[in-house]
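Tertiary structure, described
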Amino acid sequence: MLATETIIFVSLCYIAVLFGIAYYGDMRADAGRSIISNPYTYALSLAVYCTAWTFYGSVGRATSAGPSFLTIYLGPTLMTTLGWLVLKKIIRISKTHRITSIADFIGSRYGKSMTLGGLVTVIAVLGIVPYISLQLKAISTSFLLIHQYPSLKPYTHPVSISVWSDTTFYVALLLAIFATLFGTRNLEAAERHEGLVAAIAFESIVKLVAFLAVGIFITYFIFDGFRDIATRAMAFPELRLLMTLPENVGAFSSWLAHIFLSMMAIVFLPRQFQVMVVENVNETHLTKAIWMFPLYLLAINLFVLPVAFAGLLTFGALQHDPDMFVLALPMANGQLSLGLLVFIGGMSAATGMVILETVALSTMICNDLVMPALLHLPFLKLAQRKDLSSILLSIRRLSIVLVLLMGYAYFHFAGEYYTLVSIGLVSFAAVAQFAPAMLIGIFWKGGTKTGALLGLVAGFSVWAYTLFLPTLASAGLIPKDFLANGPYGIAMLKPFELFGLNVFDRITHAVFWSMLANIGCYLSGSLFSRPSAIEHTQATMFVDVYRYVGRVHDSSFWRGTAYLPDLVLMLERFLGRERTEASLDSYAMSHGIDREQALTRDPGLVNHIERMLAGAIGSAAARVMVASLVKEEPLGLEEVMDILDETRQTIIYSQELERTTAELRAANQRLQELDRMKDDFISTVSHELRTPLTAIQSLAEILRDYPETPPDRQHEFSGIIISETQRLTRLITQVLDFQKLESGRSRWQITRVDLKEVVEDAVSATGQLVADKKIDLRLHLPHASRPVDGDRDKLIQALINLISNAVKFCDPDQGRIDISLKYGDQQLTLAVTDNGIGIRESDQKQIFDKFQQVVDPSRGRPAGTGLGLAITRQIIEYHHGELNVKSEPGKGATFYFTLPLDRSPISSSPKRD
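The following paragraphs examine the structure supplied in this document. Just so you know, these numbers come straight off a predicted model, no measurement behind them. (Residues numbered from 1 in each chain as written. Predicted model: local features only at pLDDT ≥ 70, side-chain atom pairs only at ≥ 80, totals over all residues. Heavy atoms only, no water.)

Brief notes about the side chain of Ser 254
- Position of Ser 254 relative to the elements: it lies in helix 12 (residues 249-268).
- Not counting residues up to four positions away in its chain, the partners in contact with Ser 254 are Arg 61, Asp 505 and Thr 508. (Helix = DSSP H or I, 4+ residues; strand = E, 2+ residues; numbered from the N terminus. Contact = heavy atoms within 4.5 Å.)

Considerations on the packing of aromatic side chains
- Going through the model one piece at a time under the given rule, you end up with 26 aromatic pairs.
- With 5.8 Å between their ring centres and 75 degrees between their planes, Tyr 131 and Phe 428 make a pair best called edge-to-face. Of the two residues, Tyr 131 is situated in helix 7 (residues 114-147) and Phe 428 in helix 19 (residues 420-431); the sequence distance between them amounts to 297 residues.
- Since its relative accessible area comes to 1%, Phe 428 is described here as buried.
- Ring centres of Trp 444 and Tyr 522 lie 6.3 Å apart, and the angle between their planes is 70 degrees; on these two criteria the pair is classed as edge-to-face. Of this pair, Trp 444 sits in the loop between helix 20 (435-440) and helix 21 (449-474) while Tyr 522 sits in helix 23 (residues 506-527), and the two are 78 residues apart along the sequence. (Phe/Tyr/Trp six-rings, centres within 6.5 Å; stacked < 30°, edge-to-face > 60°. Buried < 20%, exposed > 50% of the residue type's maximum accessible area, 1.4 Å probe, protein only.)

Section: the sheet that holds strand 11 (residues 882-887)
- The strand order across the open sheet built from five strands is 5-7-8-12-11, with neighbouring strands paired in mixed fashion. In this open sheet, the two edge strands, each paired with only one partner strand, are strand 5 (776-780) and strand 11. Averaged over all neighbouring strand pairs, the angle between strand axes comes to 15 degrees, with direction disregarded.
- In the sheet, strand 8 (residues 827-834) pairs with strand 12 (residues 893-900) via eight bridges, with the strands oriented antiparallel. Paired with Val 832 across the strands is Phe 895, a residue of strand 12.
- Helix 32 (residues 755-765) rests against strand 5, strand 7 (816-823), strand 8 and strand 12 of the sheet, and its axis sits at about 165 degrees to strand 7. (Pairing = 2+ DSSP bridges. Axes fitted to C-alpha atoms, helices over the stretch in contact; angles between N-to-C directions.)

Concerning the nonpolar core
- Membership of the largest hydrophobic core comes to 157 residues, with the highest contact counts inside it found for Tyr 49 and Phe 434.
- No other element matches the 17 residues that helix 7 contributes to this core.
- If you look at the next biggest cluster of nonpolar residues, it comprises 38 residues, including Val 758, Ile 817, Leu 828 and Leu 883. (Core = buried A, V, L, I, M, F, W, Y, C linked by side-chain atoms within 4.5 Å.)

Observations concerning the packing of helix 2 (residues 39-46) against helix 9 (residues 194-222)
- Remark: helix 2 packs on helix 9, axes separated minimally by 8 Å, with the N-to-C direction vectors making an angle of 70 degrees. Considering their axes alone, helix 2 and helix 9 lie roughly perpendicular with respect to each other. Here Thr 41, Leu 44 and Ser 45 of helix 2 lie close against helix 9, whose contacting residues are Val 197, Ile 200, Ala 201, Ser 204 and Ile 205.
- A class-by-class count of the residues in the contact of helix 2 with helix 9 yields five nonpolar, three polar and no charged. (Parallel < 35°, antiparallel > 145°, perpendicular 65-115°, else oblique. Nonpolar A, V, L, I, M, F, W, Y, C, P; charged D, E, K, R; others polar.)

With respect to the pattern of salt bridges
- What the rule picks out here adds up to 12 salt bridges.
- Between Asp 228 and Arg 232 there is a salt bridge, with the nearest N and O atoms lying 3.2 Å from each other. You can see Asp 228 and its partner Arg 232 sitting in helix 10 (residues 226-234), four residues apart, about one turn around the helix.
- For Arg 232, a relative accessible area of 43% translates into the label partly exposed. (Salt bridge = Lys/Arg side-chain N within 4 Å of Asp/Glu carboxyl O.)

Brief notes about unusual backbone geometry
- Phi is positive for Lys 112, which is not a glycine, with a value near 55 degrees.
- Counting through the fold element by element, Lys 112 comes out in the loop between helix 6 (102-109) and helix 7.
- Here Lys 112 falls in the buried class, since its relative accessible area comes to 18%.
- In this structure, Phe 499 takes a positive phi of about 55 degrees despite not being glycine.
- Mapping Phe 499 onto the fold places it in the loop between helix 22 (481-485) and helix 23.

Below is the structure:
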């Protein structure tokens, strides 16, 4: 027999490690250096879902139902992978409204209802008590089993044992101490319990390692692998049946019911809501948890069937409790160290659940049961007390002890009559009653408080009648005739065959009737009742949380007068002076509020104070406390219309935001393109400037080094220097003009402009250049002209650029340029045609966008210059026109632009891409 002291010593050492991790986590959090702010810790904390039910009960379930044990893990996998958008919305709502629990969430959604929050709390406590007893039973059973090592005799927990002699009672007290120390350090339930979450994540690692270790040992050391276990099991018909999937309607419906329950449990179990929502550091962590958590579930269930079959082959179905095969098998093979590791793993699975569950329930009991009751006792004058934080913390600590004692009482009197899985499914069916009010409520604004109350009452009543009361009857606490014949002998009311329905198992039967009653009453109650103003407001804020995020805290759905010092004093009683001052200073700084102002009608400040208070005592109680100090006035027709107008403006704002986002995305792409073009622009400008500079320098050096150069040659060289200097001046001017155009700093003088005069002035300005190149320039102008609105000088500059470009690429021997102007009904067209080398079609599409020279490979000559054309394009586009080119290689090029002929005013800034 293994000494009790040894087991207790090992257990206490492990608990001490948890204490150390939790303490270190809290210390780091206080120093502002979180150790849980990463998705891996978040995913591991979600694994608190894997309790003693998983560690021990899955094997027990597999020995009687085969692969159906997987249904409890398929549900969470489906919910996290397929329903992650729902989970993300729940997290966003909770962060926005400082939700502290499921009761707070549902109560807040339906008008911050105290009644609804209290009802949810009662359902949660009564529904979770059997689940807590399951964990205590697992710890007690594993302790008794390892205590009698090396004997493995069947045993039962003696019901008649004294509480003071029961080891389970002291385990419950030890867990209460741990939960109290690390779960109720801060009053604000909306704040994270970082040390506690760190300890839970560590426990998830321990239980996974322990189960994998025992699974590997049993599969590969006791037996010869998976195939060996399967081959031996196939020799027994009863074991061969455990390897088949369901074929009849009853078994298939059981699978569906269990999958549904587990899908709901991963969200609505108080501890799962605590770690998934309240303790969430960053909602982006969810994106990694949606595949890490299912992977964890796969790993911890990998050896369930091998262990189950190995236990049946070793002990038989009746010689040992199948729930304890995972511990009994290593002990039967003399592996005491492995047995202790399994015991610690099972204790991790059980304690993690109990600690976090009681912390979550204590918050609900305090905020949604005790606080509303205290607020309705006027003789207490709660709002006038100087310090309430110590009272509320004491309430939460007592709640933890109370819940654990209730769990122990259920274990002591009724838990011995059911398997671990059976007890767990009872709790799953209880918390599933929250699903309609919560899931439908975050997508349907029509849900009302009346509908939620009716649905929860109906569903919970059916659950209690078909599942909870039968467990008490089996324990002998109420007459068993109730099960066999129904109340007063009414067969139609038998708990397991309600209204004659007898094709389902007990759990599926209860789920069917309870959810039917719940959803039916919720929908009918909502359709036949009218929501109050606060219900309508909360419904809008929850359903459209993404639309109102960032605006909900400054909502205008309140009108009244508040005395600020009273509100501040009340907040200090709950949060303390330091935290209150920091919170109000932050709000005042960001909103420009005068903290010294005595009276305020700012709804944002009142809402901010209410939200801060809600983080400590829940939204319903916070609303009552604030309402006791705020003189709220009813909204008149004008205010209601303002609210509706604000909602409409919000919708318009969202649509504008979407359009702006698309425009910014397009602008970002354009900026990236411009960034890529920058180097080409610099290269082009450098090349253009370097050419005249090189010519000037070379000719100047010739004149300097060879003073005997004939006068006629000197005169020729001087002419070239002057020409190149003028060319350099034009290039510099072009660069400066381009920069002004691109930056929007160019000045525009809009007048009525005659394009015939523009052509004549441009030809005159380029006359010397055309004459020097001996180019034949011909004009094709109409007799009559129609003026347009534009900048005369800029249009002349654009045409000069086109003529200069044509001069550069004309035929060197017989150059010719044709300039034509044509007027149409809606627009004019001005074209400049040369007889040069032309441009390839592929290059024509880029010639206005790229700051480079396009080269014709067949001639080796440049076919266009990007800088001058880029300036021209900017000018033409400013005038709402368009610049284009038509050309064929070897047949010249025609650059032409069009301008509108209407009299619409030109914008004050150039058109941008």
